[in-house]
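The chain contents come next:
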Amino acid sequence: KMEETTTETFEDKLEKVKSIIKFYPDFPKKGVNFLDYFSILYRPAETRILHELVIEKIEKFYEGKEDKFNAVVGLESRGFFLGLVISQHFNIPFVPIRKKGKLPGECICKTYGTEYSEDAVEIQKGSVDTSSRVIIVDDLLATGGTLKVA
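The structure contained in this document is the topic of the report that follows. Just so it is clear, the structure is predicted and the values come from calculations on it, not from any experiment.

Section: the pairing of strand β2 (residues 33-36)
Phase 1 of the analysis: Side chains of β2 alternate between two faces, with Phe34 and Asp36 buried and Asn33 and Leu35 left unburied.
Phase 2 of the analysis: Sheet topology places strand β1 (residues 22-25) next to β2; four bridges connect them, and they run antiparallel. For Lys22, the partnering residue across the bridge sits in β2 and is Asp36.

Structural notes on the side chain of Glu46
Phase 1 of the analysis: Mapped onto the fold, Glu46 is located in helix α3 (residues 44-62).
Phase 2 of the analysis: Given a relative accessible area of 15%, Glu46 falls into the buried group.

So, the pattern of salt bridges
Phase 1 of the analysis: Counted according to the given criterion, the structure contains seven salt bridges.
Phase 2 of the analysis: The closest approach of N and O atoms between Lys18 and Glu15, which form a salt bridge, is 3.4 Å. Of this pair, Lys18 and Glu15 both sit in helix α1 (residues 10-20), three residues apart, which is roughly one turn of the helix.
Phase 3 of the analysis: For Lys18, a relative accessible area of 47% corresponds to the partly exposed category.
Phase 4 of the analysis: Taking the relative accessible area as the measure of exposure, Glu15 reaches 46% and is therefore partly exposed.

Quick notes on the packing of aromatic side chains
Phase 1 of the analysis: Counted according to the given criterion, the structure contains seven aromatic pairs.
Phase 2 of the analysis: Relative to Phe94, the ring of Phe80 lies with its centre 5.8 Å away and its plane at 85°, an arrangement referred to as edge-to-face. Note that Phe80 is positioned in helix α4 (residues 78-90) and Phe94 in strand β4 (residues 94-99), a separation of 14 residues in sequence.
Phase 3 of the analysis: Ring pairing ties together the aromatic residues Phe61, Tyr62, Phe69 and Phe90, which thus form one cluster.
Phase 4 of the analysis: The residue whose ring lies beneath Lys65 is Phe61, and the NZ or CZ to ring-centre distance is 3.5 Å.
Phase 5 of the analysis: Note that Lys65 overlies the ring of Tyr62, its terminal NZ or CZ placed 6.0 Å from the centroid.

With respect to the sheet that holds strand β5 (residues 107-113)
Phase 1 of the analysis: Read from one edge of the open sheet, five strands run β5-β6-β4-β3-β7, paired in mixed fashion. Of all strands in the sheet, those bounded by a partner on one side alone are β5 and β7 (134-137). Strand-to-strand twist across the sheet, computed as the mean angle between neighbouring axes with direction ignored, equals 25°.
Phase 2 of the analysis: Taken together, the seven bridges between β5 and strand β6 (residues 118-124) define a ladder with antiparallel strand orientation. Following the sheet pairing, Thr111 is matched in β6 by Ala120.

Some points on α4
What sets the pattern is the α-helix's 3.6 residues per turn: residues three or four places apart point alike.
Phase 1 of the analysis: Compared with the 18 Å implied by 1.5 Å per residue over 13 residues, the 19 Å span of α4 between its first and last C-alpha is a close match.
Phase 2 of the analysis: Packing partners of the buried residues in α4 comprise α3, β3 (71-75), β4 and β7.
Phase 3 of the analysis: Two residues or fewer after α4 comes Asn91, characterised by a positive phi angle close to 55°.

Some words on the environment of Gly83
Phase 1 of the analysis: Structurally, Gly83 can be placed in helix α4.
Phase 2 of the analysis: Residue classification places Gly83 among the buried positions, given a relative accessible area of 0%.
Phase 3 of the analysis: In this structure Gly83 touches Val72, Phe94 and Val137, once residues within four positions along its chain are discounted.

Side note on the state of the cysteines
Phase 1 of the analysis: Counted by the stated rule, this structure contains zero disulfides.
Phase 2 of the analysis: Take Cys107: it sits in no disulfide, and the sulfur closest to it among the cysteines is that of Cys109, at 8.6 Å.
Phase 3 of the analysis: For Cys107, a relative accessible area of 23% puts it in the partly exposed group.
Phase 4 of the analysis: Exposure remark for Cys109: the relative accessible area of 32% places this residue in the partly exposed category.

What counts, and where the lines are drawn
- Residues numbered from 1 in each chain as written.
- Predicted model: local features only at pLDDT ≥ 70, side-chain atom pairs only at ≥ 80, totals over all residues.
- Heavy atoms only, no water.
- Buried < 20%, exposed > 50% of the residue type's maximum accessible area, 1.4 Å probe, protein only.
- Helix = DSSP H or I, 4+ residues; strand = E, 2+ residues; numbered from the N terminus.
- Pairing = 2+ DSSP bridges.
- Salt bridge = Lys/Arg side-chain N within 4 Å of Asp/Glu carboxyl O.
- Phe/Tyr/Trp six-rings, centres within 6.5 Å; stacked < 30°, edge-to-face > 60°.
- Lys NZ or Arg CZ within 6 Å of the ring centre and 35° of its normal.
- Axes fitted to C-alpha atoms, helices over the stretch in contact; angles between N-to-C directions.
- Expected span 1.5 Å × (residues − 1).
- Contact = heavy atoms within 4.5 Å.
- Disulfide = S-S within 2.5 Å.

Here's what the structure looks like:
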């Protein structure tokens, strides 16, 4: 008797991942809806599916394009999880952007406003330059403040 094999579509996998990510209304303050990306990290099989989805999306986006990225920038701290996976898959450098005062050495600092407050982030000087083509990774996009400053 032959066993049936099923293949999940991109959308099936995405729905599986989305069903695991927890939602917290009014966190960290009233009016903000927080998606807890950490909740998927407790489930290794689904974390692997998330990694596959991200890699697949990036590969499709850059398919046939000449100008490909040559570094991955991860925004503190949740952008580090996916950023490292992406940089390892494509065998390119991972560059962290962290909150002010968390990186050693000479850094470039930028301030920005969020839905909660004003903040500052830093990147180590020389980790990217004007010839760098980077993918910037974070866990979610709320106001876009961190992404814009990155």
